[in-house]
There are 2 protein chains.
Amino acid sequence: MSAIGNLTRELGKLPGVGTKTALRLAYHLVKGARGDTRRLARALEDVADRVHPCPRCGNYCEAELCQVCQDPSRDQEIICVVEEAYEVGAIERAGRYKGLFHVLGGRLSPLDGIGPEKLNIAGLIERLEGAGTPAREVILATNASVEGEATAVYLERLLRTRKVRITRLARGIPVGSDLEYVDGTTIAEALAGRREM
Amino acid sequence: MSAIGNLTRELGKLPGVGTKTALRLAYHLVKGARGDTRRLARALEDVADRVHPCPRCGNYCEAELCQVCQDPSRDQEIICVVEEAYEVGAIERAGRYKGLFHVLGGRLSPLDGIGPEKLNIAGLIERLEGAGTPAREVILATNASVEGEATAVYLERLLRTRKVRITRLARGIPVGSDLEYVDGTTIAEALAGRREM
């Protein structure tokens, strides 16, 4: 197989990249500066060489522990549970959360054959039972999708007998949006969760 | 910068890949099998190492000449001029053309600062004037866009004094399409180019 054909095949394995897009990207890389192509290759090798899941929380890191777990100034008694590692970044960018994270590595999805044993739930239990500061709160920050909700409900049932507060992110109107364009279920949730001003 | 951050930045340089997509792809590669990530890295290095423009036609190749230029069974007297190398593949897949190609490497686009000197036009003139079999036909297979048309018109004026037949691809109704959904300009072109049955 030709080098371009091979690159096209490898690019075509990426999510959301079909044959035509892969071909377009491959020719872009062939036509562009060699340096850019090599830099991308090195960035890929670097990630394969250096990045691994944090043994404590499951987020990706290059050091022994991830940056959040390493940081003694973070509140060690709150654990925010997310589905995927990139959601840690979304919450960190919001700049309000100062506790720890726990990455499940997915969500419950029986149709895709993803049961509790495929998620990093044992690690969460271990953290709650293990030595060190006991957690006082677990925030279930799974997505507001059907599977995300199901995962949160499953975890809530699993953890409810423990001495730990279990919370989830508020549902409501996204900041900056017009009520007119917000769906009915969200408005219902926002009404149910209304707060004193 | 972290390995993931660096990979995200490099992926974000690809056409049509914004920051969010780059982040999603980077995390997909981190989460997936290391082997896939390394294979993509190697495919990129291979392309940077081995692929270069064919000195005759400008198509990309790994050998001294591209496959088409190497092949003595191709009609050496017809040259099909295309804008980009990936369009050679589109014409080859159609399976009807047995002549040679010439890749311009772009199209005339004064607004983007792309004049004739930026295209591989000197190479085309050289091929028409050079030793070997003289070409009897040049097919201008630039795109049916405004810039593609302008490029074809420019080339036609440049070449019209030479003893060579200059043709362009037929405009008309795409095979398999309903007249109802074909735009008026295309129908007008198809009428003007109508043929005896």
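Preceding this paragraph is the structure being described.
Calculation rules
- Residues numbered from 1 in each chain as written.
- Chains lettered and ligands numbered in written order.
- Predicted model: local features only at pLDDT ≥ 70, side-chain atom pairs only at ≥ 80, totals over all residues.
- Heavy atoms only, no water.
- Salt bridge = Lys/Arg side-chain N within 4 Å of Asp/Glu carboxyl O.
- Helix = DSSP H or I, 4+ residues; strand = E, 2+ residues; numbered from the N terminus.
- Buried < 20%, exposed > 50% of the residue type's maximum accessible area, 1.4 Å probe, protein only.
- Phe/Tyr/Trp six-rings, centres within 6.5 Å; stacked < 30°, edge-to-face > 60°.
- Contact = heavy atoms within 4.5 Å.
- Buried area = accessible area lost by both parts, 1.4 Å probe.
- Polar contact = N/O pair within 3.5 Å; in protein donor to acceptor, adjacent residues only side chain to side chain.

*Asks:* A description of the pattern of salt bridges should follow, citing residues and the corresponding values.
*Replies:* Going through the model one piece at a time under the given rule, you end up with 38 salt bridges over all chains. Arg50(A) is paired through a salt bridge with Asp46(A); the nearest N and O atoms lie 3.2 Å apart. One end of the pair, Arg50(A), and the other, Asp46(A), are both in helix H3 (residues 34–50), four residues apart, so they sit about a helical turn from each other. Of the charged contacts, one joins Glu77(B) and Arg136(B) as a salt bridge, the two residues approaching to 3.0 Å between their closest N and O atoms. Of this pair, Glu77(B) sits in the loop between helix H4 (67–70) and strand E3 (78–82) while Arg136(B) sits in the loop between helix H6 (121–129) and strand E5 (137–140); the two residues are 59 residues apart in sequence, bridging distant segments of the chain. Residue Glu77(B) is classed as partly exposed on the basis of its relative accessible area, which comes to 27%. One salt-bridge network, in which partners are shared between bridges, spans Arg9(A), Glu10(A), Lys13(A), Asp36(B) and Arg39(B).

*Asks:* Tell me what's going on with the packing of aromatic side chains, and back it up with residues and numbers.
*Replies:* Evaluation of the coordinates by the stated rule reveals six aromatic pairs over all chains. On the basis of an interplanar angle of 45° and a centroid distance of 6.1 Å, the ring pair of Tyr27(A) and Tyr60(B) is categorised as tilted. Taken together, the positions of Tyr27(A) in helix H2 (residues 19–31) and Tyr60(B) in strand E2 (residues 60–61) put the pair across two chains. Note on Tyr27(A): relative accessible area 15%, which makes it buried. Ring plane angle 65° and centroid distance 5.2 Å describe the contact between Tyr97(A) and Phe101(A), whose orientation is recorded as edge-to-face. Like Phe101(A), Tyr97(A) is buried. One aromatic cluster in this structure is built from Tyr27(A), Tyr60(B) and Tyr86(B).

*Asks:* So what about the interface of chain B and chain A? Which residues, and what values?
*Replies:* Facing the 43 residues of chain B at the interface are 43 residues of chain A. Roughly 4200 Å² of surface becomes buried between chain B and chain A when both sides are summed, with 66% attributable to carbon and sulfur atoms. The tally of links from chain B across to chain A stands at eight salt bridges. Two residues, Arg38(B) and Asp49(A), come together in a salt bridge whose shortest N-O distance is 2.7 Å. On inspection of chain B and its partner chain A, the count reaches 14 residue pairs in polar contact (both at pLDDT 80 or more).

These figures capture arrangement, not role.
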